[in-house]
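# Fold and geometry: a report
Chain residues, written in single-letter form:
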Amino acid sequence: MAGNIEKVEESVKQERAMVVDANIVRIMKARKVLMYQDLLRDVMTQITLFKAQPKDVKTRIESLIERDYLERDPENKAKFIYKP
């Protein structure tokens, strides 16, 4: 039974990560360039299914940078740029 709980928790974690990713990409696609605090605020406001944690949003932003959806501004590391 403990194995089932772990599978469900992992599934929920993956689904939440996808929800956060989708919201970040949607916001950045519309705005093109945003500061970290503004992006964090918008994501936290728009996700209503669960309480997104700032740490998790930051992790998802880093993941999207690694996957070339976003990039950091070379002159200001707190500024993110959408990569179409």
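Residues numbered from 1 in each chain as written. Predicted model: local features only at pLDDT ≥ 70, side-chain atom pairs only at ≥ 80, totals over all residues. Heavy atoms only, no water.

Strand order in the open sheet formed by three strands is β1-β3-β2, with antiparallel pairing between adjacent strands. If you trace the sheet from one side to the other, it starts and ends with β1 (33-35) and β2 (70-72), each paired once. Going from strand to strand, the sheet's axes swing by 30 degrees on average, the running direction of each strand aside. The sheet contact formed by β2 and strand β3 (residues 79-82) spans three bridges and is antiparallel. Looking at the pairing, E71 lines up with I81 of β3. (Pairing = 2+ DSSP bridges. Helix = DSSP H or I, 4+ residues; strand = E, 2+ residues; numbered from the N terminus. Axes fitted to C-alpha atoms, helices over the stretch in contact; angles between N-to-C directions.)

Here the focus is the pattern of salt bridges. In a structure, side chains of opposite charge can pair up when their charged atoms sit close to one another. Scanning all chains against the criterion turns up seven salt bridges. In this structure, the salt-bridge partner of D38 is R41, at a minimum N-O distance of 3.1 Å. Within this pair, D38 and its partner R41 are both found in helix α2 (residues 36-46), separated by three residues, close to a single helical turn. According to the relative accessible area criterion, R41 is partly exposed, its value standing at 46%. Members of the salt-bridge network, linked through shared partners, are R31, D38, R41 and D42. (Salt bridge = Lys/Arg side-chain N within 4 Å of Asp/Glu carboxyl O. Buried < 20%, exposed > 50% of the residue type's maximum accessible area, 1.4 Å probe, protein only.)

Let us now look at the pairing of β3. Side chains of β3 alternate between two faces, with F80 and Y82 buried and K79 and I81 left unburied. Sheet analysis places β1 next to β3, joined by three bridges and oriented antiparallel. By the bridge assignment for β3, L34 is matched with F80. Following β2, the chain reverses through six residues before pairing antiparallel with β3.

Moving on, we come to the nonpolar core. Core analysis: the largest hydrophobic core is formed by 20 residues, its most contacted members being I24, M28, L39, V43, V57, I61 and L70. Every element with two or more residues in this core is listed here: α1 (2-31), α2, α3 (54-66) and β3. Among the elements that make up this core, the one with the highest residue count is α1 (five residues). Leaving out residues up to four positions away in the same chain, V43 has contacts with V20, I24, I27 and V57. (Core = buried A, V, L, I, M, F, W, Y, C linked by side-chain atoms within 4.5 Å. Contact = heavy atoms within 4.5 Å.)

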